[in-house]
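Residues per chain are reported as follows:
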Amino acid sequence: MHDPYRWVVADEAERLAIAPLISDVLKWAHQLSDDTIWELKNFAPITWRQVSAVSSVHGRTGAVTAQAGDYTPAQVGADPAGAASNAVTSHEQAADPHSQYAQKADLAAVANSGDYNDLTNKPDLSVLEEVTVYADLASFPASGETDKVYIAQDTGYMYRWSGSGYVQLTDQTAIWGQISGNLANQADLSNALAAKVDKVAGKGLSTNDYTDAEQSKLSGIEPGATKNATDAQLRDRSTHTGTQPASTISDFNSQASAAAPVQSVDGRAGAVDLSGSYEAKRQNNLSAATDPTAADDASAGYEPMSRWINTSTGEIWLCVDATNGAANWQKASLTLDELGSAAVVDVGTGQAQIPLNSDLGSAAYSDASEFDEAGAASSAVSSHQSASNPHPQYTTDAEVNDLAPKAPGVLDGLRRSVESASGGRMTVFYTALGQPSYFVRQPQFLCEDIAPGGELGSGVHEAFRFGAETDAEIWVGAYPGSVVNGEGVSQPGVETGRSIDFDQARAACQACGSGFDLMTTWDWSAVALWCMANGFEPRGNTNHGRHHDNRWETGTRQDGDTYIPGDNSGIGNILTGSGPVQWRHDGTMSGISDLVGNVWEWSLGFKMIDGRIFLSPDNDIPAESSYTDTGWDMPGNQTWASMTATGASDALKRALIVPKGVDDPTGNLYTNLSGERLPLRGGPRSNGGAAGLGALYLSSVRTHSYTSIGFRPRFRNP
């Protein structure tokens with residue numbers, strides 16, 4: 001139990017399981033097993049010091065009552081006669097009897113500058129969780145956090161959030177002293193007044209001297225000069241009108257003479273008229289002796305529509321593609337042989353005089369079957385469009401749905417690259433707003449396979465059971481959740497979502513669309529039991545950006561521009577997924593990251609009311625009012641794995657609410673056995689060895705939010 005002054009614990013294990021506050025330092029714990037007294041010496045790390053027990057007093061044992069003569073004045077700390085009076089006199093005569101307070105001299109600088117940093121002996125604010133500065137009191141958030149100090153920059157006043165309003169910590173008004181005596185006795189003030197600049201009637205003060213020459217220069221400017229013109233207009237040559245003799249331009253004649261004159265234009269000399277349309281000449285070859293080849297291309301200056309005439313045969317060629325090394329020339333002329341008898345038949349204007357196919361020779365179609373009937377092309381297109389599968393070489397929508405997970409999104413480049421890099425263990429699902437969210441596959445398993453000793457019973461674990469349906473896998477957020485555009489997504493390298501209560505976390509996950517929800521206790525237990533069965537328990541951010549034991553294992557702090565890993569100032573959370581592989585559930589970069597430490601994560605699917613556990617029967621999570629009463633009452637604070645599970649059902653062990661007794665994960669249990677309490681899992685950034693896959697916090701109400709509380713999304717194929 002816990003009272004304002006000490007704890008009473010059954011044994012050492014219960015004492016070590018205490019989760020004290022920083023204000024509990026120097027309080028005592030009475031350990032009943034050996035009747036010893038222990039003092040909480042330090043908070044971080046938690047350190048206990050045994051207070052020595054008294055066995056007897058002057059030979060008397062039992063309930064000893066002090067008697068006259070038992071103690072000398074020196075033993076009980078008595079002072080010699082007059083010592084107190086002497087101490088007061090010495091205190092009053094000391095130059096600085098209260099060094100913890102600022103003296104007048106200490107306040108001199110800040111009185112002039114107004115800067116809080118000019119104060120000496122100012123309070124150390126680094127012990128606070130966070131100090132936030134706003135422009136003024138009106139800019140403070142409507143609802144503050146009790147672990148923060150808020151500073152109004154316009155006044156320098158400090159405030160704390162009381163739970164219902166901001167309470168000022170510093171004096172509200174400054175008290176100025178008064179000058180006593182004559183002004184002549186105030187040397188510093190007299191000197192300052194002597195150095196001042198006298199005010200001249202009708203003139204202001206300036207750091208620049210205004211000379212007569214400058215006055216004369218300004219007076220010479222014509223009234224209204226450039227009155228209606230901007231600098232940009234003055235620099236624009238289009239605004240420069242009028243003429244200027246060439247003789248006034250110093251190098252005009254020399255530059256004009258140096259320029260080479262135009263000799264001819266397209267072969268024409270003299271005064272060439274270019275007033276009409278003028279088209280650049282296309283490269284042609286009108287006197288070739290051979291036909292063009294693929295090498296007669298753009299590199300030789302040819303381009304589409306270039307002409308080529310073979311003068312030896314009379315054939316004309318037209319370029320249709322000038323690609324280097326692959327030019328395409330098409331013959332544009334017909335010989336008499338190719339025209340056949342049509343070349344010499346006398347064609348009149350009557351219908352009977354139109355030549356027949358037989359008259360055209362090889363230049364015409366000789367087989368009428370090569371022509372389609374009218375409308376045949378249109379019919380063919382319509383038939384193609386109405387076919388159920390006009391392109392069997394392509395994958396149909398139905399086939400894609402069968403091959404790919406039925407998730408919001410398509411097999412785009414990002415999703416393909418993530419699945420390829422992870423061997424299909426990680427994928428990307430898209431939210432209602434089209435935002436990517438990363439998830440890791442946890443395949444289905446049987447309880448007897450991961451606990452061969454029968455500690456969990458048998459059958460498919462509840463994580464894969466959804467009422468009457470059984471899924472082959474579940475999808476768990478690869479990273480702790482972050483709220484982006486109102487959606488709770490799982491993305492790498494972003495700030496971990498924090499200071500969010502239970503209902504807000506679930507609403508953010510469900511805002512992503514069908515199939516998205518808050519991670520459940522069945523999801524968590526399935527992943528944790530799978531890890532322990534594989535002999536690997538991940539580590540994480542348990543010491544403000546690093547692991548508390550393996551301190552070389554660090555992540556990127558989200559406030560890393562100001563604080564280094566291990567510094568308990570600032571927030572101490574890391575960017576999602578920025579830790580090493582040892583912080584992922586399977587020891588690979590494709591695993592689920594940051595399950596241990598960083599932030600406590602809200603868990604859906606069970607709750608505790610007055611110490612009693614109410615649990616969803618499987619992963620098809622019903623309304624909380626439909627949770628099953630397990631009949632199990634939780635104990636008080638202790639190491640989670642040391643909890644007695646006698647009488648607990650297999651379902652409670654499979655849900656990782658009580659230990660199974662073999663290969664259990666690490667972490668502490670924290671409980672408040674009154675009222676409704678919702679679960680948090682994993683441990684925060686400052687929990688040290690108390691964090692782990694087994695860490696379970698059952699002391700929070702659903703509206704609790706804090707910088708060490710976050711969430712993680714999950715997904716099920718709709």
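Calculation criteria
Residues numbered from 1 in each chain as written. Predicted model: local features only at pLDDT ≥ 70, side-chain atom pairs only at ≥ 80, totals over all residues. Heavy atoms only, no water. Helix = DSSP H or I, 4+ residues; strand = E, 2+ residues; numbered from the N terminus. Buried < 20%, exposed > 50% of the residue type's maximum accessible area, 1.4 Å probe, protein only. Contact = heavy atoms within 4.5 Å. Areas by Shrake-Rupley, 256 points an atom, 1.4 Å probe, with all protein chains shown as cover. pLDDT = per-residue confidence, 0-100. Salt bridge = Lys/Arg side-chain N within 4 Å of Asp/Glu carboxyl O. Pairing = 2+ DSSP bridges. Axes fitted to C-alpha atoms, helices over the stretch in contact; angles between N-to-C directions. Lys, Arg positive; Asp, Glu negative; His and termini not counted. Polar contact = N/O pair within 3.5 Å; in protein donor to acceptor, adjacent residues only side chain to side chain. Phe/Tyr/Trp six-rings, centres within 6.5 Å; stacked < 30°, edge-to-face > 60°. Lys NZ or Arg CZ within 6 Å of the ring centre and 35° of its normal.

Draft legend 1. Layout of the overall build of the protein chain. Looking only at helices and strands, one finds 16 helices and 32 strands in the protein chain. Taken over 718 residues, the protein chain has a buried fraction of 32%. Within the protein chain, contacts between residues at least 6 apart in sequence are counted, and of these 51% link residues at least 24 apart. Entry remark: accessible area of the protein chain is about 42500 Å², with carbon and sulfur atoms responsible for 52%.

Draft legend 2. Structural context of the confidence of the model for the protein chain. Predicted confidence across the protein chain gives a mean pLDDT of 81, with 72% of residues reaching 70 or more. Ignoring residues within four places in sequence, the model shows residues 362-370, a span with pLDDT below 50, making 8 contacts including any to other chains. Below a pLDDT of 50 lies the segment residues 400-407, which in the model reaches 12 contacts outside its immediate sequence neighbourhood of four places, other chains included.

Draft legend 3. Structural view of the pattern of salt bridges. Going through the model one piece at a time under the given rule, you end up with 24 salt bridges. In this structure, Asp586 engages Arg425 in a salt bridge whose closest nitrogen and oxygen atoms are separated by 3.2 Å. On the criterion of sequence distance, the pair formed by Asp586 in the loop between helix 15 (521-533) and strand 23 (600-602) and Arg425 in the loop between helix 12 (413-422) and strand 15 (426-430) is long-range, its members being 161 residues apart. The exposure class of Asp586 is partly exposed, given its relative accessible area of 21%. Residue Arg425 is classed as partly exposed on the basis of its relative accessible area, which comes to 37%.

Draft legend 4. Representation of the sheet that holds strand 6 (residues 148-152) in the model. The strand order across the open sheet formed by 4 strands is 5-6-7-8, and the pairing between neighbours is mixed. Taken across any chain shown, the strands that pair with only one partner, and hence form the sheet edges, are strand 5 (130-134) and strand 8 (166-168). Averaged over all pairs of adjacent strands, the angle between strand axes in this sheet comes to 35 degrees, irrespective of strand direction. Relative to strand 8, strand 7 (residues 158-161) is paired through 3 bridges, and the arrangement is antiparallel.

Draft legend 5. Representation of the side chain of Arg677 within the structure. Position of Arg677 among the secondary structure elements: in strand 29 (residues 676-681). Despite its burial, Arg677 pairs with no opposite charge, the nearest such side chain being Asp610 at 7.4 Å. One polar contact links the side chain of Arg677 to the main-chain carbonyl oxygen of Ser699, over a distance of 2.9 Å. If sequence neighbours within four positions are ignored, Arg677 has contacts with Lys607, Met608, Asn672, Leu698, Ser699, Ser700 and Val701.

Draft legend 6. How the structure looks around the packing of aromatic side chains. Tallied over the entire structure, the rule returns 23 aromatic pairs. Aromatic pair Trp600 and Tyr697: ring centres 5.2 Å apart, planes at 45 degrees, arrangement tilted. Of the two residues, Trp600 is situated in strand 23 and Tyr697 in strand 30 (residues 696-700); the sequence distance between them amounts to 97 residues. According to the relative accessible area criterion, Trp600 is buried, its value standing at 6%. Judged by relative accessible area, which is 23%, Tyr697 ranks as partly exposed. Across the ring face of Trp38, the terminal group of Arg15 is positioned such that the distance to the ring centre comes to 3.9 Å. Directly above the ring of Phe466 sits Arg716, whose terminal nitrogen or CZ lies 3.8 Å from the centroid.

Draft legend 7. Quick look at unusual backbone geometry. Residue Asn485 is not a glycine yet carries a positive backbone phi of 55 degrees. If you check the backbone angles, His544 has positive phi at about 55 degrees while not being a glycine. Examined against the element boundaries, His544 turns out to sit in the loop between helix 15 and strand 23. The exposure class assigned to His544 is buried, which follows from its relative accessible area of 9%.

Draft legend 8. Local environment of the sheet that holds strand 19 (residues 473-477). Taken together, the 5 strands give an open sheet; going across it, the order is 15-16-19-32-22, and neighbouring strands pair in antiparallel fashion. Two strands lie at the open edges of the sheet, namely strand 15 and strand 22 (516-518), each paired on one side alone. On average, each strand axis in the sheet is inclined to that of its neighbour by 40 degrees, with strand direction left out of account. Looking at chain direction, strand 15 and strand 16 (residues 436-443) are connected through 5 bridges and run antiparallel. Within strand 16, the position partnered with Tyr430 by the bridge is Pro436. Helix 14 (residues 502-510) contacts strand 22 and strand 32 (713-715) of the sheet and is inclined by roughly 165 degrees relative to strand 22. Set on the sheet, helix 15 makes contact with strand 16, strand 19 and strand 32; between it and strand 19 the angle comes to about 95 degrees.

Draft legend 9. Summary view of the side chain of Asp501. When you line up the elements, Asp501 lands in the loop between strand 21 (487-489) and helix 14. Within the buried set, Asp501 has no salt-bridge partner at all; the shortest N-O distance to an opposite charge, 7.4 Å, is to Arg702. Looking at Asp501, its side chain comes within polar contact range of the main-chain nitrogen of Asp503, at 3.2 Å. Contact partners of Asp501, with chain neighbours within four places excluded, come to Trp602, Arg702, Thr703, His704 and Ser705.

Draft legend 10. Structural view of the pairing of strand 28 (residues 668-671). Taking every second residue as pointing to the same face, both faces of strand 28 are buried, with Asn668 and Tyr670 on one and Leu669 and Thr671 on the other. One ladder, built from 2 bridges, connects strand 27 (residues 638-639) with strand 28; its direction is antiparallel. Its bridge partner lying in strand 28, Thr639 is registered against Asn668. The pairing of strand 28 with strand 30 spans 3 bridges and is parallel. Its bridge partner lying in strand 30, Leu669 is registered against Leu696.

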